[in-house]
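Structural overview
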Amino acid sequence: MVMTMHQAVPQGEVKAYVKDYLDSLAMVERLHRLLLDVIKDEFERLGVLEINAVQALLLFNIADNEVTAGELRSRGYYQGSNVSYNLKKLVDMGFMHHQRCEIDRRSVRVRLTEKGRDVHMIVAELFERHADLLNAHPVIGAGQLRSINEALGQVERFWSDQIRYIY
């Protein structure tokens, strides 16, 4: 038996829970890679080859906002060197404008150009099309999707707490 703060849990249930947790971690990782493949395939189908899936997703997430690399990192979307590299590439390719912050001259704010907004719209339309297809076919119901989002939000909060505090 393993003792928790609330009750004694049989060892078999603990092992099953660990297995389910590891399965969930693997699924999240596979889903992220698959999402990037879906985006890549859409851009290849459209003949847009100068941008990769990570960069397209970055443009989608920025949308109409003006942000710094630090803000994107703090939102949890990207890691430091990855976001800085991709922002520089996107500015160089004309998908983003950049401008030094008036208050903190070390910081650079970025926003989408018209070319960047076009990429954002391609990804937004792809996701909307997928949502419509998922809704029209009995793949997953709206209630199930809300439950998944709630559960993933709880895992996100748990992981954030693990980073901030040591249990």
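Residues numbered from 1 in each chain as written. Predicted model: local features only at pLDDT ≥ 70, side-chain atom pairs only at ≥ 80, totals over all residues. Heavy atoms only, no water.

Our next topic: the packing of helix α2 (residues 53–62) against helix α5 (residues 114–136). Relative to each other, α2 and α5 sit at 90°, their axes nearing to 8 Å. Relative to α5, α2 is oriented roughly perpendicular. Across the interface between the two elements, Ala56, Leu57, Leu59 and Phe60 from α2 touch Gly116, Val119, His120, Val123, Ala124 and Phe127 from α5. Within the contact of α2 with α5, the residues separate by chemical class into eight nonpolar, two polar and no charged. (Axes fitted to C-alpha atoms, helices over the stretch in contact; angles between N-to-C directions. Helix = DSSP H or I, 4+ residues; strand = E, 2+ residues; numbered from the N terminus. Parallel < 35°, antiparallel > 145°, perpendicular 65-115°, else oblique. Contact = heavy atoms within 4.5 Å. Nonpolar A, V, L, I, M, F, W, Y, C, P; charged D, E, K, R; others polar.)

Summary statistics for the protein chain give a mean pLDDT of 87 and a share of 88% for residues scoring 70 or more. Least confident of the elements in the protein chain is strand β1 (residues 2–3), whose mean pLDDT is 48; most confident is α5, at 95. (pLDDT = per-residue confidence, 0-100.)

In this model, the largest pocket occupies a volume close to 2,400 Å³. Around the largest pocket, the lining is made up of 46 residues, and of these Val28, Leu31, His32, Leu35 and Leu152 lie nearest the centre. Looking at the lining of the largest pocket, the elements with two or more residues in it are α1 (11–46), α2, α3 (69–74), α5 and α6 (142–164). Top element by residues in the lining of the largest pocket is α6. It accounts for 16 residues. For the lining of the largest pocket, the class distribution of residues is 26 nonpolar, 15 polar and five charged. Computed from the structure, the second largest pocket encloses a volume of approximately 160 Å³. Lining the second largest pocket are Thr68, Ala69, Gly70, Arg73, Ser84, Leu87, Lys88, Val91, His98, Ser107, Val108 and Val110. Among the secondary structure elements, those contributing two or more residues to the lining of the second largest pocket are α3, α4 (80–92) and β4 (108–112). Top contributing element to the lining of the second largest pocket by residue count: α4, with four residues. (1 Å grid on protein atoms, 1.4 Å probe; cavity = no way out; pocket = protein on both sides within 12 Å on 5 of 7 lines; lining within 4 Å. Points joined across faces, edges and corners; volume = space filled by probe spheres on them.)

Time to look at the side chain of His120. Its place among the elements puts His120 in helix α5. Contacts of His120, omitting those with residues within four sequence positions, involve Leu59, Phe60, Ala63 and Leu112.

Residues Tyr17, Val18, Tyr21, Leu22, Val155, Phe158 and Trp159 make up a contiguous nonpolar surface patch of roughly 690 Å² in combined accessible area. Mapped onto the elements of the fold, Val155 is located in helix α6. (Patch = residues over 30% accessible without salt bridge, like charges linked within 9 Å, V, L, I, M, F, W, Y side chains within 5 Å. Areas by Shrake-Rupley, 256 points an atom, 1.4 Å probe, with all protein chains shown as cover. Salt bridge = Lys/Arg side-chain N within 4 Å of Asp/Glu carboxyl O.)

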